[in-house]
Amino acid sequence: MKPIRLFFTAFVLLFAVSALRAQTPKDVEYVYTEASTLNLIGKILENTPNPYHRVDTCKYKGFTSGENTQVRCSAGLAVLFETNSSTISVKPDYGYMNRSGNTMGIALRGYDLYIMKDGKWLYAASKAPADGREENNLVLIKNLPQGVKQCMLYLPMYSELYSLKIGVEKGSDISPMESPFRYRVGIFGSSFTQGISISRSGMSYPMQLMRRTGIQILSLGCSGNCKLQPYFADVLCDANVDALVFDAFSNPSPQMIEERLFPFIEKLRKAHPDIPLIFMQTIYRESRNFSTSSDAYEQAKMDMAAKLMAEAVRKYDNVYFIRTDTGENSRESSVDGTHPSDMGYLGWAESIKKPIMKILRKHGMK
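Note that the coordinates shown come from a computational prediction; the quantities given were computed from them, not determined experimentally. Numbers given for residues are sequential positions, taken from 1 along each chain in its written order. Where totals are concerned, whole chains, interfaces and linings use all residues; where local detail is concerned, this predicted model gives features only for residues with pLDDT of at least 70, and gives and counts side-chain atom pairs only at 80 or more. With hydrogens and water set aside, each side-chain value is computed from the structure's full complement of heavy atoms.

Caption draft 1: Quick peek at the overall build of the chain. When you go through the chain residue by residue, the secondary structure sums to 9 helices and 15 strands. Throughout, the radius of gyration refers to the C-alpha atoms, and the reference size of a globule is 2.2 Å times the residue count to the power 0.38. Scaling as 2.2 N^0.38, a compact globule of 366 residues should have a C-alpha radius of gyration of about 21 Å, and the chain matches this with 22 Å. Overall size of the chain, expressed as C-alpha extent along the three principal axes, is 80 × 45 × 45 Å. Between two residues, a contact is recorded if the distance between any of their heavy atoms is within 4.5 Å. For the chain, restricting intrachain contacts to residue pairs at least 6 apart in sequence, the fraction spanning at least 24 positions comes to 80%. The protein chains shown are the only cover counted for residues, whose accessible areas, like all others here, come from Shrake-Rupley with a 1.4 Å probe. Carbon and sulfur atoms form 52% of the exposed surface of the chain, whose accessible area is close to 16400 Å². Working definition: helices are DSSP H or I runs of at least four residues, strands are E runs of at least two. Numbering for both runs from the N terminus.

What follows is the structure, given as structure tokens:
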């Protein structure tokens with residue numbers, strides 16, 4: 001047999017053996033590790049009694065019952081870990097589970113796995129538990145290639161977790177992964193920021209922005225409830241952050257914006273005198289297309305925000321106002337007339353990436 005043919009044959013055999021070794025056995029025995037003992041990132045407040053809560057609702061008062069539920073959801077949280085397992089699963093214990101009609105179950109109560117490849121985060125798997133089997137072992141992916149994989153697992157966008165165990169094949173290793181994300185940039189916002197209408201939890205605009213910039217984003221998105229409330233300002237005042245970003249004009253009425261904006265800024269400025277406070281204009285809602293009342297109301301909010309922010313930028317140090325949009329499909333990206341699809345949120349992330357990075361660089365964050 002010629003040398004080239006011998007080499008080719010050996011290569012094929014080696015590839016076949018490697019592929020066989022990577023195959024997950026039919027009857028897998030899993031071992032579990034509590035996700036919070038690995039590297040849990042994205043928390044606006046680092047120490048909460050339940051590690052999967054974004055806010056300690058026993059310490060911070062004033063929230064409505066709905067807001068209490070929302071800040072206990074794990075939106076924007078992700079677990080970083082390394083494993084050489086050929087399979088990855090999750091075994092959750094839910095406190096609350098959302099079943100909204102305008103968002104996929106994978107985003108509301110499921111899991112979104114990314115794996116690092118060639119220095120970039122690449123989608124690997126996503127899945128939500130079936131009805132009646134919510135707390136069973138949920139296998140996300142099998143037959144992973146040999147070697148150590150660097151993984152990032154996004155947690156449910158609109159559900160509360162009491163516990164989350166990550167399962168790997170018995171005999172394999174799992175350990176915390178050092179975070180490649182730099183700085184701590186908090187973001188307080190509406191259902192847009194929480195991620196309503198996304199297909200999976202890694203597709204909200206803050207999470208897309210995080211992967212595209214390498215900046216750690218700490219999300220405090222609260223659907224329908226980002227109205228410049230002073231008790232939310234209390235949380236943000238206590239947050240250990242290098243900058244704050246606000247989707248502050250999507251939920252409040254023009255009157256609320258007028259009454260609450262300056263006291264909100266002044267409270268935060270006192271607690272964080274030197275960090276940038278970056279306010280975003282709200283996006284165009286497609287419900288305005290043919291509804292005259294919706295069009296008038298939304299425009300009034302945008303006009304009030306623009307007017308007051310022009311004054312705020314002059315009045316306060318390190319306060320900024322940036323524009324947003326949902327990209328090339330800005331007039332047909334909506335799922336329900338209000339919330340964009342994944343592609344609309346991609347447009348949003350792209351629209352704010354350059355101005356936010358410019359402001360962060362100005363403040364020494366590169």
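Caption draft 2: Main features of the packing of aromatic side chains. For this analysis, a ring pair means two rings from Phe, Tyr or Trp (six-membered ring only for Trp) whose centres lie within 6.5 Å, classed as stacked if their planes differ by under 30 degrees, edge-to-face if by over 60, and tilted for the remaining angles. Going through the model one piece at a time under the given rule, you end up with 18 aromatic pairs. Between the aromatic rings of phenylalanine 246 and phenylalanine 279, the centroid separation amounts to 4.4 Å while the plane-to-plane angle is 20 degrees, which identifies the pairing as stacked. Here phenylalanine 279 lies in strand β14 (residues 277-280) and phenylalanine 246 lies in strand β13 (residues 243-246), a separation of 33 residues in the sequence. Aromatic ring contacts, followed pair by pair, group Phe63, Phe188, Tyr231, Phe232, Phe246, Phe249, Phe264, Phe279 and Phe321 into a single cluster. Only lysine NZ and arginine CZ atoms are considered, and such an atom sits over a ring when it is within 6 Å of the ring centre and within 35 degrees of the ring normal. In this arrangement the basic side chain of lysine 91 is found over the ring face of tyrosine 32, its NZ or CZ atom lying 5.3 Å from the centre.

Caption draft 3: Representation of helix α9 (residues 342-362) in the model. Helices are assigned an expected span. That span is 1.5 Å times one less than the residue count. Helix length check: α9 (21 residues) gives 30 Å between terminal C-alpha atoms against 30 Å at 1.5 Å per residue, within 8%. By the largest-angle criterion, lysine 353 marks the main kink of α9, which is about 35 degrees, and a proline, proline 355, follows within four residues. Downstream of α9 by one or two residues, glycine 364 has phi in the positive range, about 85 degrees. What is called the bend at a residue is the angle between a pair of axes, fitted to the seven residues leading up to and ending at it and to the seven starting from it.

Caption draft 4: A look at the state of the cysteines. Count a disulfide wherever a pair of cysteine sulfur atoms falls within 2.5 Å. Scanning the entire structure with this criterion turns up 0 disulfides. Not engaged in a disulfide, the cysteine cysteine 222 finds its nearest cysteine sulfur in cysteine 226; these two sulfurs lie 7.7 Å apart.

Caption draft 5: A look at the sheet that holds strand β4 (residues 88-97). The criterion for strand pairing is that DSSP finds at least two bridges linking the strands in question. What the 4 strands build is an open sheet, ordered β1-β9-β4-β7; its pairing is antiparallel. The outermost strands of the open sheet, each flanked by one partner alone, are β1 (30-34) and β7 (138-141). Here the average twist between neighbouring strands, direction ignored, is 35 degrees. For helices, the axis comes from a line fit to the C-alpha atoms of the stretch in contact; other axes are also lines fit to C-alpha atoms, and the angle between any two N-to-C directions lies between 0 and 180 degrees.

Caption draft 6: Spotlight on unusual backbone geometry. If you check the backbone angles, serine 197 has positive phi at about 85 degrees while not being a glycine. Here serine 197 is to be found in the loop between α4 (191-194) and α5 (205-213). Exposure is judged per residue with a 1.4 Å probe applied to protein chains only, and the accessible area is read against the type maximum: over 50% gives exposed, under 20% gives buried, and values in between give partly exposed. Here serine 197 falls in the buried class, since its relative accessible area comes to 8%. Even without glycine at this site, leucine 228 takes up a positive phi of about 60 degrees. With respect to the helices and strands, the residue leucine 228 is situated in the loop between β12 (215-221) and α6 (230-238). Under the relative-accessibility criterion, leucine 228 is labelled buried at 2%.

Caption draft 7: Representation of the pattern of salt bridges in the model. Any carboxyl oxygen of Asp or Glu within 4 Å of a side-chain nitrogen of Lys or Arg constitutes a salt bridge here. One pass over the full model with this rule turns up 13 salt bridges. A salt bridge links glutamate 46 to arginine 184; its shortest N-O distance comes to 3.7 Å. Placement of glutamate 46 in the loop between β2 (39-41) and α2 (65-71) and of arginine 184 in strand β11 (residues 182-189) is noted, with a sequence separation of 138 residues between them. Exposure remark for glutamate 46: the relative accessible area of 46% places this residue in the partly exposed category.

Caption draft 8: Local environment of the packing of α6 against helix α7 (residues 254-271). Where α6 contacts α7, the two axes come as close as 9 Å, and the packing angle between them is 20 degrees. Judged by the inter-axis angle, α6 sits roughly parallel to α7. Our pair here, α6 against α7, has a crossing hand that is right-handed. Contact residues: α6 offers Pro230, Ala233, Asp234, Leu236 and Cys237, while α7 offers Phe264, Lys267, Leu268 and Ala271. In this scheme, roughly parallel covers angles under 35 degrees and roughly antiparallel covers those over 145, while 65 to 115 is roughly perpendicular and the rest are oblique. Each crossing gets its hand from how the near helix is turned against the far one by less than a right angle, where anticlockwise is left-handed and clockwise is right-handed.

Caption draft 9: Just the nonpolar core, in detail. For this analysis, a nonpolar core means a set of buried residues of the types Ala, Val, Leu, Ile, Met, Phe, Trp, Tyr and Cys, connected via side-chain atoms within 4.5 Å. Counting 43 residues, the largest nonpolar core has Met152 and Tyr205 as the members making the most contacts within it. Per-element accounting of this core gives the leading share, 8 residues, to α9. In this structure methionine 152 touches Ile41, Ala78, Val79, Leu80, Asp112, Leu113, Tyr114, Trp121, Phe181 and Arg211, once residues within four positions along its chain are discounted. Judged by nonpolar contacts, the second largest core, of 41 residues, contains Leu45, Cys222, Leu228 and Leu236.

Caption draft 10: Spotlight on the packing of α7 against helix α8 (residues 292-315). Contact pair α7 / α8: the axes reach a minimum separation of 9 Å and the direction vectors enclose 25 degrees. Compared by their axis directions, α7 and α8 come out roughly parallel. Seen along the crossing, α7 lies across α8 with a hand that is right-handed. The segment α7 lies against α8, with Pro254, Ile257, Glu258, Leu261, Phe262, Ile265 and Glu266 engaging Tyr297, Ala300, Lys301, Met304, Ala305, Leu308, Met309, Glu311, Ala312 and Lys315. Of the residues that constitute the contact of α7 with α8, the class distribution is 12 nonpolar, no polar and 5 charged. Gly is put with the polar residues, along with every residue not named as nonpolar or charged; the nonpolar set is Ala, Val, Leu, Ile, Met, Phe, Trp, Tyr, Cys and Pro, and the charged set is Asp, Glu, Lys and Arg.

Caption draft 11: Summary view of the sheet that holds β12. Ordered by their spatial adjacency, 5 strands build an open sheet running β12-β11-β13-β14-β15, and the pairing between neighbours is parallel. Only two strands of the sheet have a single neighbouring strand rather than two, namely β12 and β15 (319-322). Taking each pair of neighbouring strands and ignoring which way they run, the sheet shows an average axis angle of 20 degrees. Both β13 and β14 contribute to a ladder of 3 bridges, which runs parallel. Across the sheet, valine 245 pairs through a bridge with isoleucine 278, a residue of β14. Contacting β11, β13, β14 and β15, α7 runs over the sheet at an angle of about 155 degrees to β14. Strands β11, β12, β13, β14 and β15 of the sheet are contacted by α9, whose axis makes an angle of about 155 degrees with β15.

Read these as layout, nothing more, since geometry by itself doesn't imply function.
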